[in-house]
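Okay, here's what each chain looks like letter by letter:
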Amino acid sequence: MNQKGLARDTVARAALDLLDEVGLDGLTVRRLATELGVKSPALYWHFRSKQELLDEMCRQLLEPDMGGPRTDESWQEWLTRRAHQYRRMLLSHRDGARLVAGSHPGMTVGRKFEAELKLLTGYGFTPAQGLDAISTLSFYTTGFVLQEQASLARQSEVTPEHLATLAAEAPTTMAAVTAIGTPTSDRAFTHGLRLIIDGITAALDASRPSPTGQ
């Protein structure tokens, strides 16, 4: 296969598949070229650098439209659903959160972000308030999944001896984990998300003028 036989999207999709196999640290242009059956220079025909390849992989990951609010759905319900969907997307690939955190997906995704901001203004947000809300939720979700995927990679380190030490030396922590699970559980994500949504709601309400005479 020569460089003209490769499509840019095909290379990025193959890179995402390879990411699942080797992780972000193991993903190299040379290894990807081997997977595609070409020489490394063929890939630089499409991507001037590895970072440009990572940016395209990020674009493909983020490009699917998460959709706007459903009929009669509050902005709180919409943004909550959006955050859960975003988390699932990041978890769909090994090191997905690291890929997104270190890449720039370009204006294809930027236009979708613009559309979401416009939707929030329909709920009474100013553009700045909408930017703060979506950014805070996105950064929370990305950071949560960064920790979540790192914890998955270290799962083999959690041994009965480790748990026994935790119970003996940190009984309060052990009691909390026993009661509600680990800090990277689905319950923990939902709990943190609820706190953020409640905070955005309170800030939005506080910014609105009080009715005349009150």
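> I would appreciate a short explanation of the overall build of the protein in the present structure.
Counting its regular elements, the protein contains 11 helices and 0 strands. Starting at the N terminus, the α and β elements of the protein follow one another as α-α-α-α-α-α-α-α-α-α-α. A compact globule built from 214 residues would reach a C-alpha radius of gyration of about 17 Å, whereas the protein, at 21 Å, exceeds it by more than 25%. Its C-alpha atoms put the protein at 75 × 55 × 25 Å along the principal axes.

> Sorry if this is basic, but what is going on with the side chain of Ser135 here?
Residue placement: Ser135 occurs in helix α8 (residues 127–153). We classify Ser135 as buried; its relative accessible area is 18%. Of note is the side chain of Ser135, whose polar atom sits 2.8 Å from the backbone oxygen of Leu131.

> Whenever I open this one, the packing of aromatic side chains confuses me. Can you help?
What describes a pair of aromatic rings is the distance from one ring centre to the other and the angle between the planes of the rings. Per the counting criterion, the structure on display carries 5 aromatic pairs. For the ring pair Trp78 and Tyr123, a centre distance of 6.5 Å and an interplane angle of 25° mean the geometry is stacked. Of this pair, Trp78 sits in helix α5 (residues 75–91) while Tyr123 sits in the loop between α7 (107–121) and α8, and the two are 45 residues apart along the sequence. For Trp78, a relative accessible area of 0% puts it in the buried group. Taking the relative accessible area as the measure of exposure, Tyr123 reaches 25% and is therefore partly exposed. Through pairs of rings, three or more aromatic residues link up here, namely Tyr140, Phe144 and Phe189.

> It is not clear to me how the layout of surface pockets should be interpreted in this structure. Could you clarify?
Think of a ball as big as a water molecule: rolled over the atoms, this probe shows where empty space is left. Volume-wise, the largest pocket comes out at about 680 Å³. What lines the largest pocket is a set of 28 residues, among which Leu62, Pro105, Val109, Phe113 and Ser138 lie closest to the centre.

> Explain the pattern of salt bridges here, please?
Side chains carrying opposite charge are able to pair once their charged atoms draw close together. For the structure on display, the rule yields 13 salt bridges. With a closest N to O distance of 3.6 Å, Arg8 and Glu52 form a salt bridge. Taken together, the residues span a long stretch of sequence, with Arg8 in helix α1 (residues 8–26) and Glu52 in helix α4 (residues 50–62) at a distance of 44 residues. Between Glu56 and Arg59 there is a salt bridge whose closest N-O contact spans 2.6 Å. In this pair, Glu56 and Arg59 are both assigned in helix α4, 3 residues apart and thus about one turn of the helix distant.

> Even after reading the chapter, I still don't get the environment of Leu166, so can you show me in this structure?
Inspection of the secondary structure assignment puts Leu166 in helix α9 (residues 160–169). Excluding its chain neighbours within four sequence positions, the residues that come into contact with Leu166 are Pro171, Thr173 and Met174.

> When you look at the environment of Ala33 in this model, what are you seeing that I'm missing?
In this fold, Ala33 is placed in helix α2 (residues 29–36). By relative accessible area, which is 1% here, Ala33 ends up buried. The spatial distance from the C-alpha of Ala33 to the C-alpha of Ala14 is 9.6 Å, given a sequence separation of 19 residues. Those residues in contact with Ala33, other than ones at most four positions away along the chain, are Val38, Lys39, Ser40 and Leu43.

> Just to check I follow, could you spell out the nonpolar core for this structure?
Burial of nonpolar side chains together is a common tendency in soluble globular proteins. Counting 33 residues, the largest nonpolar core has Val11, Leu32, Leu36, Leu43 and Met57 as its most contacted members. Looking at this core, the elements that each hand over two or more residues are α1, α2, α3 (40–44), α4, α5 and α6 (96–101). In terms of residue count, α1 provides more of this core than any other element does, 9 residues in total. Grouped together as the second largest cluster of nonpolar side chains are 18 residues, Trp75, Leu120, Phe189 and Ile197 included.

> I would appreciate a short explanation of the packing of α9 against helix α10 (residues 171–180) in the present structure.
Each packed pair of helices is defined by two parameters, the angle between the axes and the distance between the axes. For the pair α9 and α10, interaxial distance at closest approach is 5 Å and the crossing angle is 115°. Facing α9, whose interface residues are Leu163, Leu166, Ala167, Ala168 and Glu169, α10 presents Pro171, Thr173 and Met174. Looking at the contact of α9 with α10, its residues break down into 6 nonpolar, 1 polar and 1 charged.

Criteria and cut-off values
- Residues numbered from 1 in each chain as written.
- Predicted model: local features only at pLDDT ≥ 70, side-chain atom pairs only at ≥ 80, totals over all residues.
- Heavy atoms only, no water.
- Helix = DSSP H or I, 4+ residues; strand = E, 2+ residues; numbered from the N terminus.
- Rg over C-alpha atoms; globule rule 2.2 N^0.38 Å.
- Buried < 20%, exposed > 50% of the residue type's maximum accessible area, 1.4 Å probe, protein only.
- Polar contact = N/O pair within 3.5 Å; in protein donor to acceptor, adjacent residues only side chain to side chain.
- Phe/Tyr/Trp six-rings, centres within 6.5 Å; stacked < 30°, edge-to-face > 60°.
- 1 Å grid on protein atoms, 1.4 Å probe; cavity = no way out; pocket = protein on both sides within 12 Å on 5 of 7 lines; lining within 4 Å.
- Points joined across faces, edges and corners; volume = space filled by probe spheres on them.
- Salt bridge = Lys/Arg side-chain N within 4 Å of Asp/Glu carboxyl O.
- Contact = heavy atoms within 4.5 Å.
- Core = buried A, V, L, I, M, F, W, Y, C linked by side-chain atoms within 4.5 Å.
- Axes fitted to C-alpha atoms, helices over the stretch in contact; angles between N-to-C directions.
- Nonpolar A, V, L, I, M, F, W, Y, C, P; charged D, E, K, R; others polar.

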